[in-house]
Amino acid sequence: MKPSLAKLQKFFRLEAERNYDNRAVFGGLQRSLQGWDAEARADGLGEDLVNGVTAKLRDYEKLTPKERGRALIEIWLRIERETGIRANGAKPKWKTMMKKPAKASSPKRTAKTPSSPSPRTNKNERGLFLRPSASSQLRKASFPGPAALDAPTTVLNGVGPVNAERLEKLGIFTLRDMLYHFPRRYDDYSKQVRIRDLRYGMDVTVIGEIKRISKRPGKGRRVMTEAIVQDETGGLRVNWFNQPWMMRNLKTGDSIVLSGKVDQYLGRLTMNNPEWELLEEEQLHPSSPQSGSLGTGTNRIVPVYPLTADLGQRWLRGLMKRVVSYWALRIPDPLPHSVIESANLESLSDALLQAHFPDSQEQIDSARQRLAFDELFLLQLAVLLQKRAWQGQTAQRFDAPQDWLHAQITRLPYQLTNAQHRVLADLLKDLNSGRPMNRLLQGDVGSGKTVVAALCIAAVTRAGAQAALMAPTSILAEQHYTSLQGLMVGQGNLRPGELRLILGSTPESEKQEIRAGLRDGRIKVVVGTHTLIEDPILFSQLELVAIDEQHRFGVGQRAALRAKGTNPHLLVMTATPIPRSLSLTVYGDLDLSIIDEMPPGRQKVATHLLLPRERERAYKLIRREVEAGRQAFIIYPLIEENETSEAKAAVDEQKRLKKEVFPELKVVLLHGRLSAEEKDKAMESFRDGKSQVMVSTTVIEVGVDIPNATVMLIEGANRFGLAQLHQLRGRVGRGAEKSYCILFPDHEDAAENERLQALLETNDGFILAEKDLEQRGPGQFLGRQQSGFLDFRLASLSDARLIDKARRQAELLLATDPALSKPEHRALSAAVESYLTSGIGDLS
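Residues numbered from 1 in each chain as written. Predicted model: local features only at pLDDT ≥ 70, side-chain atom pairs only at ≥ 80, totals over all residues. Heavy atoms only, no water.

Asks: Any chance you could break down the packing of helix α15 (residues 449-461) against helix α16 (residues 474-488) for me, citing the residues and the numbers?
Replies: Where α15 meets α16, the closest approach of the two axes is 10 Å, and the angle between their N-to-C directions is 60°. Taken together, α15 and α16 sit at an angle that is classed as oblique. The two elements α15 and α16 meet at a crossing, and its hand is right-handed. Two secondary-structure elements touch here, α15 through Thr450, Val451, Ala454, Ile457, Ala458 and Thr461 and α16 through His480, Ser483, Leu484, Leu487 and Met488. When its residues are assigned to classes, the contact of α15 with α16 shows seven nonpolar, four polar and no charged. (Axes fitted to C-alpha atoms, helices over the stretch in contact; angles between N-to-C directions. Helix = DSSP H or I, 4+ residues; strand = E, 2+ residues; numbered from the N terminus. Parallel < 35°, antiparallel > 145°, perpendicular 65-115°, else oblique. Left-handed = near helix turned anticlockwise from the far one by under 90°. Contact = heavy atoms within 4.5 Å. Nonpolar A, V, L, I, M, F, W, Y, C, P; charged D, E, K, R; others polar.)

Asks: Describe a positive patch on the surface, and please don't skip the residues or the numbers.
Replies: Positive charge collects at one region of the surface, where Lys658, Lys666, Lys681 and Lys690 lie side by side. Position of Lys681 relative to the elements: it lies in helix α23 (residues 676-687). Judged by its relative accessible area of 65%, Lys681 falls in the exposed class. (Patch = residues over 30% accessible without salt bridge, like charges linked within 9 Å, V, L, I, M, F, W, Y side chains within 5 Å. Areas by Shrake-Rupley, 256 points an atom, 1.4 Å probe, with all protein chains shown as cover. Salt bridge = Lys/Arg side-chain N within 4 Å of Asp/Glu carboxyl O. Lys, Arg positive; Asp, Glu negative; His and termini not counted. Charge placed at Lys NZ, Arg CZ, Asp CG, Glu CD. Buried < 20%, exposed > 50% of the residue type's maximum accessible area, 1.4 Å probe, protein only.)

Asks: How would you explain the nonpolar core if you had to name every residue and give the values?
Replies: Residues Leu179, Leu352, Leu371, Phe373 and Phe377 are the most contacted members of the largest nonpolar core, which totals 88 residues. Per element, the largest residue contribution to this core is 12 residues, and it comes from helix α12 (residues 361-391). Those residues in contact with Leu371 that sit more than four places away from it in its chain are Tyr180, Phe182, Leu348, Ala351, Leu352, Ala355 and Leu794. Membership of the second largest hydrophobic core comes to 46 residues, among which are Trp404, Val460, Leu499 and Val527. (Core = buried A, V, L, I, M, F, W, Y, C linked by side-chain atoms within 4.5 Å.)

Asks: Outline the sheet that holds strand β13 (residues 542-547), listing residues and values.
Replies: Pairing in this open sheet of seven strands is parallel, and the strands run β11-β12-β10-β13-β14-β9-β15 from one edge to the other. Each having just a single partner strand, β11 (499-502) and β15 (591-595) make up the two edges of the open sheet. If you compare each strand with its neighbour and ignore which way they point, the axes differ by 20° on average. Pairing between β11 and strand β12 (residues 525-528): four bridges, direction parallel. Paired with Leu499 across the bridge in β12 is Val525. Packed on one face of the sheet, α16 meets β10 (466-470), β11 and β12 and runs near 170° to β11. (Pairing = 2+ DSSP bridges.)

Asks: Which residues make up unusual backbone geometry, and what values go with them?
Replies: With a phi close to 50°, Asn273 is a non-glycine residue in the positive phi region. Phi at Leu820 takes a positive value of approximately 50°, unusual for a residue other than glycine. Tracing the backbone through its elements, the reader meets Leu820 in the loop between α28 (800-816) and α29 (826-838).

Asks: I'd like a description of the pattern of salt bridges, backed by residues and values.
Replies: Working definition: two side chains of opposite charge can pair if their charged atoms are close together. Scanning the entire structure with this criterion turns up 29 salt bridges. Residues Arg370 and Asp374 are paired through a salt bridge, measuring 2.9 Å at the closest nitrogen-oxygen approach. Of this pair, Arg370 and Asp374 both sit in helix α12, four residues apart, roughly one helical turn. Both residues of the pair, Arg370 and Asp374, belong to the buried class. Several salt bridges converge on common partners, so that one network encompasses Arg184, Arg185, Asp187 and Glu275.

Asks: Please provide a residue-by-residue account of the packing of α12 against α28, values included.
Replies: Put simply, α12 and α28 touch, their axes get as near as 8 Å, and they point 50° apart. Put simply, α12 runs oblique to α28. Handedness of the α12/α28 crossing: right-handed. For the pair α12 and α28, contact is made by Gln369, Ala372, Phe373, Leu376, Phe377, Gln380, Leu381, Val383, Leu384, Leu385 and Arg388 and by Leu802, Ile803, Lys805, Ala806, Arg807, Gln809, Ala810, Glu811, Leu813, Leu814 and Ala815, respectively. For the contact of α12 with α28, the residue count by class is 15 nonpolar, three polar and four charged.

Asks: Give a description of the packing of aromatic side chains that names residues and reports values.
Replies: The relative placement of two aromatic rings is captured by the distance of their centres and the angle of their planes. All told, the structure shown has six aromatic pairs when counted by the stated rule. Aromatic pair Phe633 and Phe686: ring centres 5.1 Å apart, planes at 55°, arrangement tilted. Placement of Phe633 in strand β17 (residues 631-635) and of Phe686 in helix α23 is noted, with a sequence separation of 53 residues between them. Given a relative accessible area of 0%, Phe633 falls into the buried group. Of the residues examined, Phe686 reaches a relative accessible area of 0% and is grouped as buried. (Phe/Tyr/Trp six-rings, centres within 6.5 Å; stacked < 30°, edge-to-face > 60°.)

Have a look at this one:
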């Protein structure tokens with residue numbers, strides 16, 4: 001079988017074994033398109049077949065699991081018809097492939113300690129892409145180790161089908177999963193706080209005895225369970241709201257552990273809805289060091305594990321003790337000794353033991369750092385190897401002669417900054433290198449990324465090739481189209497008609513005309529939204545793909561656009577400053593350029609944090625600015641009000657503002673649920689000065705350029721990330737007039753307002769992005785689409801120091817063994833390969 005087809009079949013098999021969850025390939029099955037089409041053409045596959053496969057996979061992430069299975073079958077049937085091959089050399093069983101792999105019967109449990117369990121296999125797990133295996137073995141990229149670690153949890157005494165299903169809800173399918181199911185916190189019973197020492201706002205663990213417990217009605221149909229818990233120093237009132245089962249679980253005289261935040265009601269300290277656990281004797285007394293056991297209360301530091309319904313903490317802790325105490329000592333350490341020594345790491349066995357049942361807080365910190373390093377080290381190896389693989393590809397060269405480049409820059413209506421010149425040199429060097437550009441361009445709002453991209457597009461179209469620019473919203477796409485028209489059309493680069501705009505709202509007749517022009521090469525540059533990858537668009541010679549605000553697109557979407565050419569150059573841009581820790585991980589396979597200088601004349605936006613009661617001051621500022629001929633944005637966190645949120649909503653507030661606050665002004669509304677026509681109408685009204693105030697959600701966060709707008713008022717500012725607030729602030733201050741950004745939090749909470757103070761103290765987007773990442777995490781910073789494959793167990797993307805260490809160690813290792821082909825690196829090589837095909841990176 002040809003290599004390209006063997007690779008595709010491998011991906012399809014993994015996807016089928018995972019029940020079509022779109023995680024068989026790092027970043028989604030669409031990721032397999034990146035470079036696959038070039039391999040397929042090199043293998044001599046027909047152009048129609050290659051294009052058919054990529055078109056079919058392009059929308060894979062949008063399909064249901066059942067539809068995905070059907071799509072893969074259709075693809076492979078076509079491959080068989082046109083190539084004459086058969087999957088596995090035999091007639092495929094189509095019906096079997098469409099079924100979810102059947103559960104194997106539980107093996108007989110013969111011993112308390114799983115000294116020699118063997119993995120289940122399931123003869124029914126066969127079909128076109130399925131092969132006999134325990135499906136749990138493919139749930140994570142893992143190092144070769146004792147095969148028994150891949151045995152299901154049912155080999156353990158006390159774990160039958162019911163409990164096994166409960167464990168699966170926690171992501172625990174095998175004994176290996178148990179080793180890597182880490183505590184979410186630890187209770188140190190040698191340092192618990194006495195009740196008399198409690199203070200309002202403390203987050204503590206308290207031990208006491210239940211002196212009284214009762215149930216009484218609360219608001220509406222709610223029921224409140226109230227208990228008085230007492231230790232030798234005093235008593236504490238504890239409330240559980242709408243949890244009537246607490247009366248069945250607890251009784252007077254029980255010793256209990258409570259964990260939560262100390263609250264206050266009518267001057268008395270309380271705890272509301274705390275986590276709780278009945279106290280065990282062994283939690284108060286350390287195990288004997290001489291016994292060599294790992295008692296659950298070793299040194300009185302007790303692990304507290306994540307749970308799901310119907311699983312008790314005590315039961316899971318006992319189960320974890322049995323597995324960890326046996327297997328942690330027997331798991332081979334995958335890291336080469338040179339890495340362990342150079343990075344000053346403890347052994348994997350010690351790390352696993354101490355991560356679960358620690359002797360001290362210092363041991364917890366050391367163990368979790370080793371295990372977090374493992375996760376980051378594997379990621380770094382993966383992205384560095386990906387980067388090297390991409391650099392090994394070839395691409396068309398595009399030169400930019402000095403006289404031509406000088407003429408292009410001279411035509412611009414403004415001078416380029418030194419930073420723009422420096423970045424442009426990087427990009428033009430990439431275009432003429434013979435290798436495909438793979439670069440991330442960062443630049444704060446208004447720093448001039450678009451003109452740099454336009455000059456690169458001009459260098460490509462100068463040679464007769466094509467370029468595509470994709471933006472996340474139609475508003476931003478239209479603005480790029482307008483900018484490129486002014487910079488390129490009629491300037492000796494493009495003739496009218498060679499630059500086109502395609503959006504979801506573009507009439508079908510016009511879309512057909514654009515598709516034809518791109519297919520035969522008459523159109524040289526196309527600007528659009530995700531329509532560029534969703535439409536059946538074919539290019540004559542696509543050689544440059546530029547993607548703006550790239551964090552809005554997933555890995556698969558970028559790969560889908562890139563797949564429309566043969567190793568085209570890729571330039572991804574963002575006005576959201578990327579913290580260094582993210583640039584080394586999420587974008588670790590990209591080269592990085594930063595425009596860190598603003599054009600002359602850009603004014604600093606005056607930022608103020610006001611309390612809700614001071615809102616009239618802000619309204620007066622807006623009236624003053626409007627009277628001077630300028631405009632204002634008012635941003636809300638929600639589109640419409642709902643029962644579960646106290647946040648103000650744009651739709652209702654626009655009506656109120658229009659009627660009660662600014663009756664003399666034209667107040668327009670913009671949000672994501674409006675039709676494209678309604679959005680365009682609102683934007684045109686504001687852009688042309690026909691309306692003075694725009695009420696909006698964060699749909700205007702990116703790309704909206706209204707130089708006449710001088711006020712940005714943000715309601716519910718505490719609900720936004722700092723990087724997002726910085727983006728919104730960048731929508732004003734784009735003209736010559738002094739501009740203002742007014743922040744209104746929902747409430748006067750000092751801690752929340754302290755966070756917002758950072759926006760008052762700096763206009764440096766990188767500093768704000770670092771703080772934002774630290775406070776909100778990568779999921780909110782990037783969006784789940786981007787960060788889902790970085791769902792680490794222990795590693796943190798805000799730990800720049802550990803990320804740097806992992807990156808440095810990965811670079812050192814690859815410098816001595818670029819292909820990880822040495823015998824001592826086989827485990828690493830297997831893990832990286834598994835990581836790239838599964839998207840889950842456990843070093844175990």
